[in-house]
There are 2 protein chains.
Amino acid sequence: MTALAAARLGVPVRVLADRETGTGLPFSGVTIADWEDPVVLRDWAAGCDAVTVESEWAPADRLLAVAPDVRLRPGAATLTTVRHKGRQRRAFAEAGLPQPEHVLAATRDEARAAVERFGTAVLKQFEGSYDGYGNATCRSERDVDAAWDDLAAEDGLLVESFVAFEAEAAVTVARRADGEAVVYPAVRSEHRDHRLHAATVPAGFSDATEQTARRVALDTLAALDATGVATVELFVTGTGEVLINEVAPRPHNTAHLTIDAHHTSQFENHARAVLGLPLGDSGLRVPAACMVNVLGQREGAASPDLDDALRVPGASVHLYGKATVRPQRKMGHVTVTAADVDTARERAEAAAAAVRL
Amino acid sequence: MTALAAARLGVPVRVLADRETGTGLPFSGVTIADWEDPVVLRDWAAGCDAVTVESEWAPADRLLAVAPDVRLRPGAATLTTVRHKGRQRRAFAEAGLPQPEHVLAATRDEARAAVERFGTAVLKQFEGSYDGYGNATCRSERDVDAAWDDLAAEDGLLVESFVAFEAEAAVTVARRADGEAVVYPAVRSEHRDHRLHAATVPAGFSDATEQTARRVALDTLAALDATGVATVELFVTGTGEVLINEVAPRPHNTAHLTIDAHHTSQFENHARAVLGLPLGDSGLRVPAACMVNVLGQREGAASPDLDDALRVPGASVHLYGKATVRPQRKMGHVTVTAADVDTARERAEAAAAAVRL
């Protein structure tokens, strides 16, 4: 979707992937190769003005050794910090940003002590945990021992005090290398089975919470010196406190609704930020919108039937062209724009459920 | 832009072109070949569910001989009628649609007599005239003689009474093969040097004129049995009369602003109509918008600088990726959305002028 946005600005795009992704990527200029190979990286990057990533795990920072002149955005330091949940927490603490109480536990005993202190805690792998993988909720020594054996790396793991949040929010920011930034309105996000299910905007928080969430997101990107778009996922507590859950230094699922609902999509602003172009208006151009993910329900070749989904008023259907469907695989999303969030939400659920794959 | 819209719906697209178009077409699956060759057409179309055209001059109707099962949309009859201005006028007359007085002149004498009757007339080639090419404004026998020698084909040429219009309008309709259709709000269009310069919406006509324009457009597509989107260009006279100028049976420059200003773009509705999917909402999602074309000013390799254009509030810049620039070549367009048409128009002019190529 970033490539589509860049193409609209007349910017030639090339893509490097380490394997066939299974998406019907409609772009020419796709290279499938071992992206850890310095020769592959150097040859691929030759002639690029700027390079960005679709995932913080793409080894783009290896480019610096072989193509030192390329503008890598986000930069290597941002990627390095974000990939490790301990380094993330340390960076946020140094910047005085609000986050859950936590301990970087180097030993099992430190983890036990932290869980005893927090009562309920979430133990997380420093690297590679996402969507509920690599996490364990612990309340006792026995829980900790099992989780430690499962999750701890050489440098230990992260122990976070469990946050009994009232809501989850996500704020996306587009930020240029010179620090100029625009912030999108907060989105209310809802997870099911540890995966994003729906995102709704306006989020319906108090003005104070909305402003705090935006401020925290801007400060988070500044702390990481992130370039491009990044999304800060936040816990909102019953008292309106805002705590950083985690950060994705790239276009994010919670901001897919910006394609249909905002003046400038996250993808266009990512392209603009990466290229050092002026950033576009991040405001809503409709009263309300809701995005619901379209997940696979079965195993087999995809044969989409959009007839019922497209009949839902205000529905915009986005499929990613994946040739095969698997249970829980993200196959696309639906955004519905409407006069109010309740209507948008109801219609988005109906439209997403009506997509047959 | 149609291919981008189809890709978003997860629809695999392939493209056949008869030559390198000079656009940085970012799609894979582009075949450059002699599209009048039946073998080329047959092989290319194998496996396609539906075929559409970007230009009414693409010889897609030749497909019917070699791939009779393909859904060609618009169909061969629509293309055949639209390609010949005489057949167009005859079809509109048979359907009782409002159009300028005209004569299909088979001989020079018939053309002279028509010009004498109309006072001022425009002589047009039946085939291939566009953007001021193949046309001549005539007031005298001498004018007619020169124009006849220049323009007349074996079956003569079209003589139209000159319409002293107050405004030009364009109405785009998306229509499915079963006749279901949605109509976009009328756009006020403005030409310079016989080429589209700007399109603005809402058009600001009286309610009666707006409704008449939409009705005429819907009836025009029905008369042509057109499938997909088509744009009807209209003259609006000082008395509010609406007369059909001409028809383009495909996505049209006057409706490019639907990408940024309407709930469903003309390109997505073209894809939906061609594929027999439900049509999307053709209404505005912003109060006002204006599109201004970006034309080349010089000869050479294009090296776009969008910095100033992207700073204009509400500006969305679309470049077509053409590698070389020539004076008057359409290189892209800018759409500005705003709270009112005057602001949109002013900013769109400024943004288009600020695109440096």
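The structure displayed is predicted, hence computed values, not measured ones.

Reading the values: the criteria
Residues numbered from 1 in each chain as written. Chains lettered and ligands numbered in written order. Predicted model: local features only at pLDDT ≥ 70, side-chain atom pairs only at ≥ 80, totals over all residues. Heavy atoms only, no water. Pairing = 2+ DSSP bridges. Helix = DSSP H or I, 4+ residues; strand = E, 2+ residues; numbered from the N terminus. Axes fitted to C-alpha atoms, helices over the stretch in contact; angles between N-to-C directions. Contact = heavy atoms within 4.5 Å. Parallel < 35°, antiparallel > 145°, perpendicular 65-115°, else oblique. Left-handed = near helix turned anticlockwise from the far one by under 90°. Nonpolar A, V, L, I, M, F, W, Y, C, P; charged D, E, K, R; others polar. Buried area = accessible area lost by both parts, 1.4 Å probe. Salt bridge = Lys/Arg side-chain N within 4 Å of Asp/Glu carboxyl O. Polar contact = N/O pair within 3.5 Å; in protein donor to acceptor, adjacent residues only side chain to side chain. UniProt positions renumbered as here; feature names shortened; annotations may be inferred. Buried < 20%, exposed > 50% of the residue type's maximum accessible area, 1.4 Å probe, protein only. Least-squares fit on C-alpha atoms with pLDDT ≥ 70 in both.

### A word on the sheet that holds strand S5 (residues 102-105) of chain A
Within a sheet, adjacent strands bond to each other through the backbone by hydrogen bonds, running parallel or antiparallel.
Residues and elements named next belong to chain A.
Alright, step 1. With antiparallel pairing, 4 strands are arranged side by side in an open sheet as S5-S8-S6-S7. Taken across any chain shown, the strands that pair with only one partner, and hence form the sheet edges, are S5 and strand S7 (135-138). The mean inter-strand angle of the sheet, taken between neighbouring strand axes irrespective of direction, is 20°.
Alright, step 2. Looking at chain direction, strand S6 (residues 121-124) and S7 are connected through 4 bridges and run antiparallel. Pairing of Lys124 across the sheet is with Asn135, part of S7.
Alright, step 3. Sheet contacts for helix H5 (residues 85-94): S5, S6 and strand S8 (157-161); angle to S5, the most-contacted strand, approximately 135°.

### Thoughts on the packing of helix H6 (residues 108-118) of chain A against helix H7 (residues 141-151) of chain A
All names here are of chain A.
Alright, step 1. Interhelical geometry of H6 versus H7 gives an angle of 140° and a closest axis separation of 10 Å. Accordingly, the angle class assigned to the pair H6 and H7 is oblique. Viewed along their axes, H6 and H7 form a crossing whose handedness is right-handed. Where H6 approaches H7, its residues Arg108, Ala111, Arg112 and Val115 are matched on the opposing element by Glu141, Val144, Asp145, Trp148 and Asp149.
Alright, step 2. Looking at the contact of H6 with H7 residue by residue, the classes come out as 4 nonpolar, no polar and 5 charged.

### Observations regarding the interface of chain A and chain B
Alright, step 1. Taken together, the contact between chain A and chain B spans 29 residues of the former and 29 residues of the latter.
Alright, step 2. Between chain A and chain B, roughly 2600 Å² of surface is buried when both sides are summed, and carbon and sulfur atoms account for 52% of that area.
Alright, step 3. Inspection of the region where chain A meets chain B yields 2 salt bridges.
Alright, step 4. Taking the shortest distance from any N to any O, the salt bridge between B:Asp260 and A:Arg8 comes out at 3.7 Å.
Alright, step 5. Here chain A and chain B share 6 residue pairs in polar contact (both at pLDDT 80 or more) between them.
Alright, step 6. Elements with a contribution of two residues or more to the side of chain A that touches chain B: helix H1 (2-8), helix H9 (258-261), helix H11 (307-310) and strand S17 (315-319) of chain A.
Alright, step 7. Element by element, the count of residues in the side of chain A that touches chain B is highest for S17(A), at 5 residues.
Alright, step 8. For the side of chain A that touches chain B, the per-class residue count stands at 15 nonpolar, 8 polar and 6 charged.

### Things to note about the UniProt feature "domain: ATP-grasp" (unreviewed entry) in chain A
Alright, step 1. According to UniProt, the "domain: ATP-grasp" (unreviewed entry) feature falls on residues 89-275 of chain A.
Alright, step 2. With 32% helix and 31% strand, residues 89-275 of chain A has its two end C-alpha atoms placed 29 Å apart.

### Some remarks on the pairing of strand S19 (residues 330-338) of chain A
Note on strand geometry: in a regular strand, side chains alternate between the two faces of the sheet.
All names here are of chain A.
Alright, step 1. The buried fraction of S19 amounts to 8 of the 9 residues, a majority that puts the element mostly inside the structure.
Alright, step 2. Strand direction decides the pairing type here: strand S15 (residues 288-295) and S19, joined by 8 bridges, are antiparallel. Bridge assignment links Ala288 to a residue of S19, and that residue is Ala338.
Alright, step 3. Relative to S19, S17 is paired through 5 bridges, and the arrangement is antiparallel. Residue pairing across strands places Leu319 opposite Gly332, the latter belonging to S19.

### So, the relation of the copies chain A and chain B
Alright, step 1. Mapping chain A onto chain B is achieved by rotating through 180° and translating by 0.0 Å along the same axis, at an RMSD of 0.0 Å. Such values leave the two copies arranged in the relation of a two-fold axis.
Alright, step 2. Comparing interface residues between copies, 100% of those in chain A also lie at the interface in chain B; the contact surface is shared.

### Describing the side chain of A:Thr172
Residues and elements named next belong to chain A.
Alright, step 1. For Thr172, the location among the structural elements is in strand S9 (residues 167-175).
Alright, step 2. With relative accessibility at 3%, the residue Thr172 sits in the buried group.
Alright, step 3. A distance of 2.7 Å separates polar atoms of two side chains, one belonging to Thr172 and the other to Thr231.

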